[in-house]
Structures are given as C-alpha cells and as structure tokens.
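Examination of the molecular architecture
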Amino acid sequence: QVRLVESGGGLVQAGGSLRLSCAASGRAFSANAMGWFRQVPGKEREFVAGIRCSDGSTDYLDSVKGRFTISRDNAKNTMYLQMNNLQPEDTAIYYCAISPTGSDAYDYWGQGTEVTVSS
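The present account deals with the structure reproduced in this document. (Residues numbered from 1 in each chain as written. Predicted model: local features only at pLDDT ≥ 70, side-chain atom pairs only at ≥ 80, totals over all residues. Heavy atoms only, no water.)

Section: the state of the cysteines
Test applied: Cysteine sulfur atoms that pair up within 2.5 Å are treated as a disulfide. A run of H or I in DSSP becomes a helix once it reaches four residues, and a run of E becomes a strand once it reaches two; helices and strands are each numbered from the N terminus. Partly exposed residues are those whose accessible area sits between 20% and 50% of the maximum for their type, while under 20% is buried and over 50% is exposed, using a 1.4 Å probe and protein chains only.
A complete count under the given rule lists one disulfide for this structure. The disulfide partner of Cys22 is Cys96, and the S-S distance across this bridge is 2.0 Å. What sets the handedness of the Cys22 and Cys96 disulfide is the S-S torsion sign, and at about 60 degrees it is right-handed. With Cys22 in strand S3 (residues 18–26) and Cys96 in strand S9 (residues 92–100), this pair connects stretches of sequence that are 74 residues apart. Cys96 gets classed as buried once you look at its relative accessible area, which sits at 0%.

Remarks on the pairing of strand S11 (residues 113–118)
Side chains on a regular strand alternate between the two faces of the sheet. This is how the line gets drawn: The pairing criterion is simple: DSSP has to find at least two bridges between the two strands.
Of the two faces of S11, only the one carrying Thr113, Val115 and Val117 is buried; Glu114, Thr116 and Ser118 on the other face are not. As defined by bridge partners, S9 adjoins S11 across three bridges and the pair is classed as antiparallel. Bridge assignment links Ile93 to a residue of S11, and that residue is Glu114.

Details of the pattern of salt bridges
Any two side chains of opposite charge can pair, so long as their charged atoms come close to each other. Formally: We count a salt bridge whenever a side-chain nitrogen from Lys or Arg sits within 4 Å of a carboxyl oxygen from Asp or Glu.
Tallied over the entire structure, the rule returns four salt bridges. One salt bridge connects Glu46 with Arg38, and the closest N-O pair in it is separated by 2.7 Å. Note that Arg67 is salt-bridged to Asp90, the shortest N-O span being 2.7 Å. One end of the pair, Arg67, is in the loop between strand S6 (58–60) and strand S7 (68–73); the other, Asp90, is in the loop between strand S8 (78–83) and S9, with 23 residues separating them in the sequence. Connected through shared salt-bridge partners, Arg38, Glu46, Arg67 and Asp90 make up one network.

What to know about the environment of Ala97
Spelled out, the test is: Here a residue-residue contact requires only that any non-hydrogen atoms of the pair lie within 4.5 Å.
Examined against the element boundaries, Ala97 turns out to sit in strand S9. Taking the C-alpha atoms as reference, Ala97 lies 4.5 Å from Trp109; in sequence the two are twelve residues apart. Sequence-distant contacts of Ala97, that is, excluding residues within four places in its chain, are made with Leu4, Ala33, Met34, Gly35, Phe37, Met79, Tyr106, Tyr108 and Trp109.

It is worth stressing that arrangement in space is one thing and function is another; only the former is reported here.
Set out below in structure tokens:
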C-alpha cells in the first residue's frame, strides 16, 4: 500500500505564502503523474496542479497560475506545492494524489491539510 501524508497547511493572511508537502511511503511504485487537489465543504473537489513524471511538465488551475508552483524531490519521495499571494478563495482542504503507472486515475490520496486565508 502507498501512503501519502500532507503537511504545511495553516492560517495565513491574504497575500501570504505557504508551502505544502506530500510525503509518500509504503511499497515501491512508479507514477504517471502527481497532483494537488482542493475541496471546500459542500463543493466538488477540484484539480489545482499536476506534474507528469515522464517529462516533468506541469499543469495548473487557471486561477492559481503564476501564484502556485508544484515540484517534487524524487530522492525524498516528496511533492510540494508552493503557494504565494494567497487569497481568501484559496481556502480549502488540500489533498495530494498519485496516478500510478498503468492507471488513468489518481488512485492514491492523502488525508488532506487545511489551508485558511483570512482577508
């Protein structure tokens, strides 16, 4: 089993920054893609950022482009989401996820870390 653990969430004022981390552990695996999603209670989970493991290419939700940066450290089995110029609308629970090789879906998910941005 693959286990993902997020950290780095918290309360920040508008305009501030946070860096989320996602540490992977458990059985060895290879991945197609790694991503960050977020969810506000009562709303659907939405894709925030992703990185393709084959070439390192990235993709972002339009509203976070230029403010958020996804990255990974293979040696540490850790993925990051640097979030700058945070806005109240970024308030959500953030989840990391992995799409393993051979799958078209994000099959492994973390438990989430809460981000609250005050105005």
